[in-house]
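Report on the structure
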Amino acid sequence: MSSKRRIEEGLDDNNSAWATEAPLPSFSPTPLEGDCEADVAIIGGGYTGVSLALALSERFPERRVVLLEARRVGNGASGRNGGIVLNLMPHPEQSPQQSALHYAATTGAIERIEQRAKAFAPGSFKRATVMRVSTTDENMRENAEHAAELNAVGVPVRLLDARELSALVHVAGAKGALADPNGGSLNGVAYLRGVAAELLRRGVVLHEMTPVLRVEQGTPRHRVHCEHGVVSATTLVLATNGYTRALGFFRRNLIPLSSRVVSTRPLSESERAAIGWSDELGGFSDDHPRVTYASLTAGGRMVFGGGARLAYRYAFAGGTRDDGPDTAAGYDAIEARLAHCFPALRGIEIEARWSAPLGLTFSRACSIGRMRGAREVLHGVGFSGNGVTMSNLAGEILCDIYAGDEARWQGHQWVHRRMEWVPPEPMRWIGYQLFTRVLGYTPRIKPRDT
Ligand SMILES: Cc1cc2nc3c(=O)[nH]c(=O)nc-3n(C[C@H](O)[C@H](O)[C@H](O)COP(=O)(O)OP(=O)(O)OC[C@H]3O[C@@H](n4cnc5c(N)ncnc54)[C@H](O)[C@@H]3O)c2cc1C
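Please read all numbers here as calculations on a predicted model, not as lab measurements. Residue positions within a chain follow its written sequence, with the count starting from 1. A pLDDT threshold of at least 70 governs which residues receive local features in this predicted model, and a stricter bar of 80 or more applies before side-chain atom pairs are shown or counted, although totals over entire chains, interfaces and linings include all residues.

**Describing unusual backbone geometry**
Looking along the chain, the bond that leaves T219 and enters P220 is cis, with omega of 5 degrees. The numbering of helices and of strands both runs from the N terminus, where a helix is a DSSP run of H or I of at least 4 residues and a strand a run of E of at least 2. Among the structural elements, P220 can be located in the loop between β8 (212–216) and β9 (222–226). Note that the residue after E425, namely P426, is joined by a cis bond; omega there is 5 degrees. Summarising the element assignment, P426 is placed in the loop between α10 (388–403) and α11 (427–438). Of note in this structure, N241 is not a glycine but carries a positive phi near 25 degrees. Within the secondary structure layout, N241 lies in the loop between β10 (229–238) and β11 (255–266).

Quick look at the structure:
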């Protein structure tokens, strides 16, 4: 198959509720026509690529940064997700110091998202409480322990009992929750369109509707081949998360996984009152092995995903377009879960169903750094279902790595992290089926994560 066909086949359009509600971009796409040179060529206009371009334009305004996006910015997972902005809630096995370090890093990243949204995309971000709902006594006990450990190192999460939880939302069967007051909700399409307009004002060259078809690594310059031109650049950055495999990178480490989600029509006031969704709440996930999650858009649509094995799909050989035989059944399963969690919304009109690829790694941890064995190729990949904050933070980290000034990231395990090896096909596909069908776990988080 030609590289053009392979790349094109992996892409589709964003029909999410976020796209429906986002203001139209203030600029038209300018696909690459002809050859050009750059100091840095970034492939991918999601949170990782756009946040890096912004950081570079702030720090190195004189350097030429070219950002290449196959469709429009925010067309991938960044514009199609659950919209929940999360701090890293580290695993209890991590040292308290590490937990505090991680939380501080993600809190800072969320503050910057908030500032940028205010400046460039007003209304796209809302500061809010986010939480992990417990539906079992066992999970409540685990959350209580976890909250105590996190509080001891200054992480201000709160354990909510059932009564406190119901002041934020009524989820059927919920016993309580672990709540973080420092999260939020973000319309990625609106945010990225606003930040991209700022990039253009700062002189970053943005070529949308420009799929990269092939990368030729070289010294002193890499050559990035697109249909109507080549960008030659000293530094190349892969910001293509779940799509990276199609470009020939990290084939042994990244598992592209389609994650499906649905949105309702805007809720009426009485429907919102019936589910008790408070203005303070940005969104929640739960302790279900297949992790349910939900948020409300600014326009009042409920975005709801997970909660079923079929909410995710791994296509043999890692395709990123979700057009499998179980696609319709996957959305039906998500909608059944929505009705289970919110009986008052049973039968509500579902306005949109969509999916996007996650870039799963074996340990679920992302990797941000320099690619081993390659000269001046940087990457920020491996973001799964909780990657909104981390992929935004990745831009800052990559800018520091590019600048040779990364000391402040020492001790953060994702920086220059070597991703685990994942077996090739057909073992990979068989392994996925065993993990999800037989063991019953979602690949979105590690089973032992809380
Ligand atoms: C359904 C779903 C729900 C989620 N919910 C949440 C949530 O609630 N909270 C949370 O924290 N995280 C969530 N996530 C995860 C989060 O959205 C991602 O981790 C994050 O957006 C990754 O950002 P990125 O910029 O690295 O990748 P992407 O946003 O995928 O960006 C990659 C970009 O590269 C472009 N591209 C691909 N191939 C090429 C090419 N050949 N040439 C040029 N451009 C190319 C794509 O078009 C895309 O725009 C969810 C993800 C999904 C799919």
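**Section: the site of the ligand**
Taken together, 43 residues form the shell around the ligand, and within it G44, G46, G76, G82 and G387 come nearest. Among the elements of the structure, α3 (47–59), β11, β16 (350–360) and α10 are those that each provide at least two residues to the shell around the ligand. Of the residues that constitute the shell around the ligand, the class distribution is 19 nonpolar, 21 polar and three charged. The criterion for a residue being near a molecule or strand is simple: its C-beta atom, placed using the backbone, must lie within 6 Å of it. Any residue outside Ala, Val, Leu, Ile, Met, Phe, Trp, Tyr, Cys, Pro, Asp, Glu, Lys and Arg is labelled polar, Gly included; the first ten of those are nonpolar and the last four are charged.

**Things to note about the confidence of the model for the protein chain**
Residues with a pLDDT of 70 or more make up 96% of the protein chain, whose mean pLDDT is 93. The low-confidence segment residues 445–450 (pLDDT under 50) makes eleven contacts with residues lying over four places distant or belonging to another chain. Scored from 0 to 100, pLDDT reflects the predictor's confidence in each residue. Think of it this way: build a C-beta for each residue from its backbone, and any pair within 7 Å is a contact.

**Some points on the packing of helix α4 (residues 96–120) against α10**
Helix-helix packing is characterised by the crossing angle of the two axes and by the distance between the axes. A fitted line through C-alpha atoms represents every axis, and for helices the fit uses only the stretch in contact; the resulting angles, taken between N-to-C directions, go from 0 to 180 degrees. For the pair α4 and α10, interaxial distance at closest approach is 9 Å and the crossing angle is 80 degrees. Judged by the inter-axis angle, α4 sits roughly perpendicular to α10. Between α4 and α10, the residues in contact are A105, T106, A109, I110 and I113 and T389, N392 and L393, respectively. Note that the term roughly parallel is reserved for angles under 35 degrees, roughly antiparallel for angles over 145, roughly perpendicular for angles of 65 to 115, and oblique for everything else.

**Considerations on α3**
With 13 residues, α3 extends 18 Å between its outermost C-alpha atoms, agreeing within 8% with the 18 Å of an ideal straight helix rising 1.5 Å per residue. Of all 13 residues making up α3, ten are buried, and the element is well covered by its neighbours. Buried within α3 we find Y47, T48, G49, V50, S51, L52, A53, L54, A55 and L56. Looking at the packing, one finds that the buried side of α3 touches β1 (36–43), β2 (65–68), α7 (188–201), β10, β18 (377–381) and α10. In this scheme, a helix's expected span is set at 1.5 Å multiplied by one less than its residue total. To assign burial, the other C-beta atoms lying within 10 Å of each residue's own C-beta are counted, with C-beta atoms placed from the backbone; 20 or more indicates buried, 12 or fewer indicates exposed, and intermediate counts indicate partly exposed.

**Digging into the nonpolar core**
Note on definitions: a nonpolar core is a set of buried residues drawn from Ala, Val, Leu, Ile, Met, Phe, Trp, Tyr and Cys, linked by C-beta atoms within 7 Å. In terms of nonpolar packing, the biggest core is built from 124 residues, with A41, I42, A53, L68, V224, V237 and L398 touching the most fellow members. If you tally residues by element for this core, the top one is α10, at nine residues. Among all residues touching V224, those that are not within four sequence positions of it are A41, I43, L68, V212, V215, V230, V231, A233 and L236.

**Points about the packing of α4 against α7**
Here α4 crosses α7 at 70 degrees, and the two axes come no closer than 9 Å. What the angle tells us is that α4 and α7 run roughly perpendicular. Residue-level inspection shows R116, A117 and F120 of α4 in contact with α7, the latter providing Y191, G194, V195, A197 and E198. Among the residues forming the contact of α4 with α7, the class breakdown is five nonpolar, one polar and two charged.

**Remarks on the pairing of β2**
Note on strand geometry: in a regular strand, side chains alternate between the two faces of the sheet. Of the two faces of β2, the one lined by V65 and L67 and the one lined by V66 and L68 are each fully buried. As paired elements, β1 and β2 share four bridges and run parallel to each other. Across the sheet, A41 pairs through a bridge with V66, a residue of β2. When DSSP finds two or more bridges between two strands, those strands count as paired. Alignment of β2 against strand β7 (residues 205–207), held across three bridges, turns out to be parallel. Looking across to β7, one finds that L67 is bridged to L206.

**Re α11**
Between the first and last C-alpha of α11 there are 15 Å, a value that for twelve residues agrees with the 16 Å anticipated at 1.5 Å per step. The element α11 is largely exposed, with a buried count of one among its twelve residues.

**Re the environment of L68**
Its location among the elements puts L68 in strand β2. Since 26 C-beta atoms lie within 10 Å of it, L68 is described here as buried. Taking C-alpha positions, L68 is 14 Å from H222, a pair spaced 154 residues apart along the chain. Filtering out sequence-adjacent residues up to four positions away, L68 remains in contact with L32, A41, I42, I43, H207, T210, V212, V224, C226 and V231.

**Notes on the environment of F304**
Within the secondary structure, F304 sits in strand β14 (residues 301–306). Along the primary structure F304 and N81 are separated by 223 residues, whereas in three dimensions their C-alpha atoms are 9.6 Å apart. Apart from the residues within four sequence positions on either side, F304 is in contact with V261, V262, A294, I334 and L338.

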